[in-house]
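Chain residues, written in single-letter form:
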Amino acid sequence: NKTVVTEFILLGFGNGPELDSLLFLMFLSIYIATITGNLFIIVLILANQQLHTPMYFFLGNLACLEICYSSNILPRMLLSYLVGDRSISVNRCFTQYYFFGCLAAAECYLLAVMSYDRYLAVCKPLHYPSRMNSKLCLQLTVASWISGFLSNSILTFLISTLDFCGPNEIEHFFCDSFPMIKLSCSGTHVAGLVTSVVAGVCSLPPFLLTFSSYLCIIITVMGIPKKAFSTCSSHLIVVILFYWSILTVYVLPHRDTQMSPNKVFSVFYTILTPLVNPLIYSLRNKEVREALQK
């Protein structure tokens, strides 16, 4: 005699009308800025022939990914603060987690591809035109998207087979793996282990490749103007924050007492990264400013 859970309650960041109103306005502003900034980048790249290069091709895909990424989480959270209903059906929760995991993994791979592209352009400029051709750009981009969506399919299926028959309050602002696994009344060791392994495979190798690429770039441009060094360092800081927060939440040893800090870390890769990426990768570039003026 067990009760089957049909919906979860996303607790978010707290309760109370005043706090809910403040959080709604803050996250609404962030969401509008994120969508506007990334849409602006996509339209600008499509409209300007000068930006039809490998770097901006990858950047356009990143902007598209960030729009999908934010739209998977923030609208549902905004609705809960607006109407006060924090419930979400089990199927919708699994769907949200599936797309979140797929898009997060795809971003890890795409950031690694973008760092490799910049490494070739800065450190191997003579070989860059022959190596980074349009065919390879398309193949790397498609591989990033497909790998991201395939990597989370098995994990989502595994979590969806767990039994949920007790508490249904998720200590998070979106449907994530560990908070959902914590609520299961069946064996969760395998699901937790697979979650850490998949997260490690999707984030650690791309992080090492990205970090190594930017390290080589920074060493190369140290003798070139400070502005180039500043731009590369800004890219590296954002990338480190993105990967570090993911590795902290999913790969490092997990304890129940760390749930609240993990919720804070999740803000970095779900909300802040899509917001700052257009600023860091695009609006500081001379080509983008020239295209905007035209």
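Per an unreviewed UniProt entry, the protein chain goes by Olfactory receptor and derives from Tauraco erythrolophus. Recorded under Sequence similarities (unreviewed entry), the UniProt text for the protein chain is reproduced unchanged: "Belongs to the G-protein coupled receptor 1 family." What the UniProt record of the protein chain gives under Subcellular location (unreviewed entry) is the line "Cell membrane".

Novice: A description of the UniProt feature "transmembrane region" (unreviewed entry) in the protein chain should follow, citing residues and the corresponding values.
Specialist: In the UniProt entry, the feature "transmembrane region" (unreviewed entry) is given for residues 22–47, 54–74, 94–116, 136–159, 204–224, 236–252 and 264–283. The span residues 94–116 shows a helical share of 100% and a strand share of 0%, and its end C-alpha atoms are spaced 33 Å apart. Between the C-alpha atoms that bound residues 136–159 the distance is 35 Å, and the span itself is 96% helix and 0% strand.

Novice: Residue-level account of the packing of aromatic side chains, with values.
Specialist: According to the stated counting rule, one finds 23 aromatic pairs in the structure shown. Between Phe13 and Phe173 the ring centres are 5.0 Å apart and the planes differ by 20°, which places this aromatic pair in the stacked class. Taken together, the residues Phe13 in the loop between strand 1 (7–10) and helix 1 (17–47) and Phe173 in the loop between strand 3 (169–170) and helix 7 (177–183) connect sequence positions 160 residues apart. Exposure remark for Phe13: the relative accessible area of 28% places this residue in the partly exposed category. Phe173 gets classed as buried once you look at its relative accessible area, which sits at 2%. Between Tyr69 and Phe100 the ring centres are 6.1 Å apart and the planes differ by 10°, which places this aromatic pair in the stacked class. Of this pair, Tyr69 sits in helix 2 (residues 54–83) while Phe100 sits in helix 3 (residues 90–123), placing them 31 residues apart in sequence. Each of the two residues, Tyr69 as well as Phe100, counts as buried. An aromatic cluster of three or more residues is present, and its members are Phe13, Phe27, Tyr69, Tyr81, Tyr97, Phe100, Phe173, Phe174, Phe178, Tyr250 and Tyr269.

Novice: Now, about the nonpolar core: what can you tell me, with residues and values included?
Specialist: Ranked by internal contacts, the top residues of the largest apolar core, which has 85 residues, are Phe8, Phe27, Phe100, Tyr250 and Tyr281. Considering each element in turn, this core owes the most residues, 16 residues, to helix 3. Discounting residues that sit within four places of it in the chain, Phe8 has contacts with Arg86, Ser87, Ile88, Val90, Cys93, Phe164, Asn168, Ile170 and Leu183.

Novice: Before we move on, can you summarise the state of the cysteines with the specific residues and values?
Specialist: Under the defined criterion, the tally for this structure stands at two disulfides. Covalent S-S linkage joins Cys93 and Cys175, the inter-sulfur distance amounting to 1.9 Å. Looking down the S-S bond of the Cys93 and Cys175 bridge, the torsion is -115°, so its handedness is left-handed. One end of the pair, Cys93, is in helix 3; the other, Cys175, is in the loop between strand 3 and helix 7, and 82 residues separate them in sequence.

What counts, and where the lines are drawn
Once a new chain begins, its residue numbering starts again from 1 and follows that chain's sequence as written. For a predicted model such as this one, the threshold for reporting local features is a pLDDT of at least 70, and the threshold for listing and counting side-chain atom pairs is 80 or more; totals across whole chains, interfaces and linings nevertheless cover every residue. Calculation of side-chain values draws on the structure's entire complement of heavy atoms; hydrogens and water are dropped beforehand. UniProt positions are given in the numbering used here, feature names are shortened, and annotations may be inferred rather than shown by experiment. Per the convention used, a helix needs a DSSP run of H or I reaching at least four residues, while a strand needs a run of E reaching at least two, with both numbered from the N terminus. Any Phe, Tyr or Trp ring, taking Trp's six-membered ring, that has another such ring centre within 6.5 Å forms a pair; planes under 30 degrees apart are called stacked, those over 60 apart edge-to-face, and the others tilted. Burial classification: accessible surface area is computed with a 1.4 Å probe over protein chains only, and a residue below 20% of its type maximum counts as buried, one above 50% as exposed, and the rest as partly exposed. What we call a nonpolar core is a set of buried Ala, Val, Leu, Ile, Met, Phe, Trp, Tyr and Cys residues that are connected through their side-chain atoms within 4.5 Å. The contact criterion used throughout is that any non-hydrogen atoms of two residues lie within 4.5 Å. Sulfur atoms of two cysteines make up a disulfide when they are within 2.5 Å.

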